[in-house]
Amino acid sequence: MTEPQTPIYLADGMPRRTFMKTLGMASGSLMLSGLASLQAQTGQSGTSPFQLQAPEPNPKYGGTLRYGILSAPAHFDVHQSGTVSNMAAQGPMYDNLIRRHPMDCQTIIPDLARSWEIAPDGKTYTFFLRQGVQFHDGADFTADDVHATFSRIIFPPKGFSSPRTPLFSAVEAINVRDPHTIEFKLRETRPKDFMLGAFASGWNIIVRKKTLEDNNYSLRTVEAFPGTGPFKHVKRADKEVWIMEKNPNYWNKGLPYLDRLEIYHLQPWSPEVAASLLGGKVDYARTVDPVAAGKIKTIPGLTFVDFYQSVIHALWVNNAKKPLNDPRVRRAMHLALDRHVLVDVVKDVTPTLVGGFTYPFSEFAASTEEQGKFLGYQRDATAAIKEARRLLADAGYAQGLKGLDFMVRELPHHKLWSVALQAMLKENLNVETNMRAVQTSVWFDEAQSGNFDVTISAIVSTLLDPSDYFNSWYVTNGPQNYSKWHNEPFDKLVDQIDHELDLAKRKALIRQAENIMEQDPPVLPVAWEKMNDAWYSYVKGYLPTSSYFGIYDVVRWDTAWLDK
């Protein structure tokens, strides 16, 4: 089959909003792109395939990169995970169908699919796979592996839950056309940028069909299942380090540059992160605290950058328990939180931003002025607290509540917040809580099981588009709806948001959805996260910028090299 010719598209410095618009190309077109210093090769079948490489000239081979990041997963099944604990450590061992460009974390480029087509009606996505790719155990990669991987995500078997399943709600069938061609049939058209972004999610790693069959389609306890990625598993010490070595048979010839990758477990935003970097234990550190960041910016030979990320920090309130199932009680608790104070409480530990139920830095968010009209977001919390007390009294709890189980994810900033949140609920509403700290590796299972009254944590989404996280976090029975919240008018609105292609109309529907959540909160937003990265300047080929997004998509380190 002859594939369409597409010109090279240069994305150097392109803002995300502009990029998202470029994906709405003519049906049947092939989207390949690269940066000015790293161009994609496209064209007819038989021409040179797309090859990724470092953006700098003459990259060096060899050496060990030591990376510091949270890496203590509760289990090893990436498809079922929602935490960087999995992606940070496991990502380098796997590939995706298509991926985001590691230099801008936005542009969609080929991966195990060398090219793709979208039917004129937008209902069929066909991917043409690379030939000659092998898994780390020597098995050949084929379309059957893609079919098995996405069938598990899109049509989940009993006992399987993935935050990415809602991304593919329009997919009705996956067909293997031949060993290296696979198509996804949609029952209805969805925006191309949304669907391509879903396929490109870093979480959707391609797993060997036989691996799934051999493990009864659950990889939770399988520490090192084979991938096709640039690095191979060597050994792992729980909550210490995960060590990988170069895959000598990697299909992207010339990559990776590194011989070895060591990923060290560091508690995010803790003093240990910066100390490990400054002490020479790691070469690259993520989640550096703001105080240390100030120092790092002044040190020659170190580089620092910050950027907003797809992470909400929030309180989940268990709707399966009385009286927390009463919207008045949850709204009262929502209004009792002084978010500006909460952001200030952790300002020396982690950078965060006040916001509601939608990413405040995305094009879908209400303006700061609009947000400020809602009670609960003003700097003067007097009116919000007055309304909170009235609501709790109307619900029959004028004297407050006692003995709520408050599960706290054991992270430095969550510990700080939990003390402040406990004090705010007690002072403003006479709601008393008993704090119970749990490790990150425990929190997700406890939350999914509903073993809490109130809990604080952070969860992430794949896309900034509300059709992603509204379905995962808030819709009835969503995979990350830990509050077990149900609101039928909201569910209907989200269905409209999913199907509306006009951006202005979608935004209007999103505002309506936010109004519902303000009155009947599915979670109690605490703050939205910013990321702080710091590294020694000899680390090359991995260059996040202030417009960077998606630390869960760009984790492979295949273009990284050491200039020393």
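Residues numbered from 1 in each chain as written. Predicted model: local features only at pLDDT ≥ 70, side-chain atom pairs only at ≥ 80, totals over all residues. Heavy atoms only, no water.

1. Some thoughts on empty space enclosed by the protein
Inspection of the entire model under this criterion finds seven cavities of 30 Å³ or more. Of the voids in this model, the largest cavity is the one considered here, and its volume is about 220 Å³. In terms of lining residues, the largest cavity is bounded by 21 residues, among which Leu 70, Val 84, Arg 409, Glu 529 and Tyr 552 are the most central. Among the residues forming the lining of the largest cavity, the class breakdown is 13 nonpolar, five polar and three charged. Taken as a whole, the second largest cavity encloses approximately 60 Å³ of empty space. (1 Å grid on protein atoms, 1.4 Å probe; cavity = no way out; pocket = protein on both sides within 12 Å on 5 of 7 lines; lining within 4 Å. Points joined across faces, edges and corners; volume = space filled by probe spheres on them. Nonpolar A, V, L, I, M, F, W, Y, C, P; charged D, E, K, R; others polar.)

2. Focus: the pattern of salt bridges
If you walk through the whole model with that rule in mind, you get 32 salt bridges. With its nearest N and O atoms 2.8 Å apart, the salt bridge here joins Asp 326 to Arg 328. Of the residues examined, Arg 328 reaches a relative accessible area of 35% and is grouped as partly exposed. The partner of Asp 520 in a salt bridge is Arg 330, with the nearest N and O atoms 2.7 Å apart. Of the two residues, Asp 520 is situated in the loop between helix H16 (503-519) and strand E17 (524-536) and Arg 330 in helix H8 (residues 327-335); the sequence distance between them amounts to 190 residues. Arg 330 sits in the buried class, given a relative accessible area of 2%. One salt-bridge network, held together by shared partners, links Glu 223, Arg 236, Asp 238 and Lys 239. (Salt bridge = Lys/Arg side-chain N within 4 Å of Asp/Glu carboxyl O. Buried < 20%, exposed > 50% of the residue type's maximum accessible area, 1.4 Å probe, protein only. Helix = DSSP H or I, 4+ residues; strand = E, 2+ residues; numbered from the N terminus.)

3. A closer look at helix H6 (residues 271-278)
Here H6 has its buried residues at Val 273, Ala 274, Ser 276 and Leu 277. For H6, the angular spread of buried residues about the axis comes to 160 degrees, placing them on one side. Note on H6: the residue one or two positions beyond its end, Gly 280, has a positive phi of about 85 degrees. (Arc of directions from axis to C-beta.)

4. Some thoughts on the sheet that holds strand E6 (residues 171-178)
Spatially, the four strands line up as an open sheet ordered E4-E5-E7-E6, and their pairing is antiparallel. Each edge of the open sheet carries a strand with a single partner, namely strand E4 (113-118) and E6. Sheet twist, expressed as the average angle between the axes of neighbouring strands with direction ignored, equals 20 degrees. As defined by bridge partners, E6 adjoins strand E7 (residues 181-186) across six bridges and the pair is classed as antiparallel. Bridging across to E7, Asp 178 finds its partner in Thr 181. The sheet contacts of helix H3 (residues 143-154) involve strand E5 (124-129), E6 and E7, and relative to E6 the element is tilted by about 170 degrees. Strands in contact with helix H4 (residues 192-199) are E4, E5, E6 and E7; relative to E5, the strand with the most contacts, it is inclined by about 40 degrees. (Pairing = 2+ DSSP bridges. Axes fitted to C-alpha atoms, helices over the stretch in contact; angles between N-to-C directions. Contact = heavy atoms within 4.5 Å.)

5. Concerning the pairing of strand E9 (residues 241-246)
One ladder, built from six bridges, connects strand E8 (residues 231-237) with E9; its direction is antiparallel. Within E9, the position partnered with Arg 236 by the bridge is Trp 242. Between E8 and E9, which pair antiparallel and follow one another directly, the connecting turn spans three residues, one of which, Lys 239, has a positive phi of 60 degrees. Alignment of E9 against strand E10 (residues 260-265), held across five bridges, turns out to be antiparallel. Bridge assignment links Met 244 to a residue of E10, and that residue is Leu 261.

6. Some details on the packing of helix H14 (residues 466-474) against helix H15 (residues 488-499)
Where H14 contacts H15, the axes come no closer than 10 Å and their chain directions differ by 155 degrees. Put simply, H14 runs roughly antiparallel to H15. Once H14 is placed against H15, the crossing between them reads as left-handed. Taken together, the residues of H15 that come into contact with H14 (itself represented by Ser 467, Phe 470, Asn 471 and Tyr 474) are Phe 490, Val 494, Ile 497 and Asp 498. Tallied by class, the residues present in the contact of H14 with H15 amount to five nonpolar, two polar and one charged. (Parallel < 35°, antiparallel > 145°, perpendicular 65-115°, else oblique. Left-handed = near helix turned anticlockwise from the far one by under 90°.)

7. Observations regarding the side chain of Thr 462
With respect to the helices and strands, Thr 462 occurs in the loop between strand E16 (454-460) and H14. The exposure class assigned to Thr 462 is buried, which follows from its relative accessible area of 6%. With near-sequence residues (within four places) excluded, Thr 462 lies in contact with Arg 164, Leu 167, Gly 197, Ser 201, Trp 203, Asp 468, Phe 549 and Asp 553.

8. Some details on the pairing of E5
For E5, the buried fraction is high: six of the six residues fall into the buried class. Neither face of E5 is left uncovered, since the one carrying Thr 124, Thr 126 and Phe 128 and the one carrying Tyr 125, Phe 127 and Leu 129 both have all their residues buried. Bridging between E4 and E5 involves five bridges; their strand directions are antiparallel. Residue Ala 113 lies in a different strand from E5, and its bridge partner there is Leu 129. A loop of five residues connects E4 with E5, the two strands running antiparallel in sequence, and Gly 122 in this loop sits at a positive phi of about 75 degrees. Where E5 lies against E7, five bridges are found, and the strand directions are antiparallel. Bridge pairing in E7 links Phe 128 to Thr 181.

9. Considering the environment of His 233
With respect to the element layout, His 233 can be found in strand E8. Relative accessible area serves as the criterion here: at 27%, His 233 is assigned to the partly exposed category. Sequence separation between His 233 and Asp 178 is 55 residues; the distance between their C-alpha atoms is 31 Å. Those residues in contact with His 233 that sit more than four places away from it in its chain are Met 93, Glu 223, Ala 224, Trp 242, Ile 243 and Met 244. In this structure the side chain of His 233 is engaged in a polar contact, spanning 3.0 Å, whose partner is the side chain of Trp 242. (Polar contact = N/O pair within 3.5 Å; in protein donor to acceptor, adjacent residues only side chain to side chain.)

10. Focus on the nonpolar core
Leu 277, Val 288 and Trp 557 are the most contacted members of the largest nonpolar core, which has 65 residues in total. Filtering out sequence-adjacent residues up to four positions away, Val 288 remains in contact with Trp 269, Val 273, Ala 274, Ala 293, Ile 296, Asn 532 and Ala 534. Trp 116, Phe 127, Ala 198 and Leu 463 belong to the second-largest nonpolar core, a separate cluster that totals 44 residues. (Core = buried A, V, L, I, M, F, W, Y, C linked by side-chain atoms within 4.5 Å.)

11. Considering the packing of aromatic side chains
This structure, assessed with the given rule, holds 40 aromatic pairs. An angle of 85 degrees between the planes, with centres 5.3 Å apart, marks the rings of Phe 150 and Phe 184 as edge-to-face. One end of the pair, Phe 150, is in helix H3; the other, Phe 184, is in strand E7, with 34 residues separating them in the sequence. Just as Phe 150 is buried, Phe 184 falls in that class too. Chaining the aromatic ring pairs together yields one cluster made of Tyr 308, Phe 357, Tyr 359, Phe 361, Tyr 469, Phe 470, Trp 473, Tyr 474, Trp 485, Phe 490 and Trp 528. Here the guanidinium or amino end of Lys 530 rests over the ring plane of Tyr 308, the centre of that ring lying 4.8 Å away. Note that Lys 564 overlies the ring of Tyr 538, its terminal NZ or CZ placed 4.3 Å from the centroid. (Phe/Tyr/Trp six-rings, centres within 6.5 Å; stacked < 30°, edge-to-face > 60°. Lys NZ or Arg CZ within 6 Å of the ring centre and 35° of its normal.)

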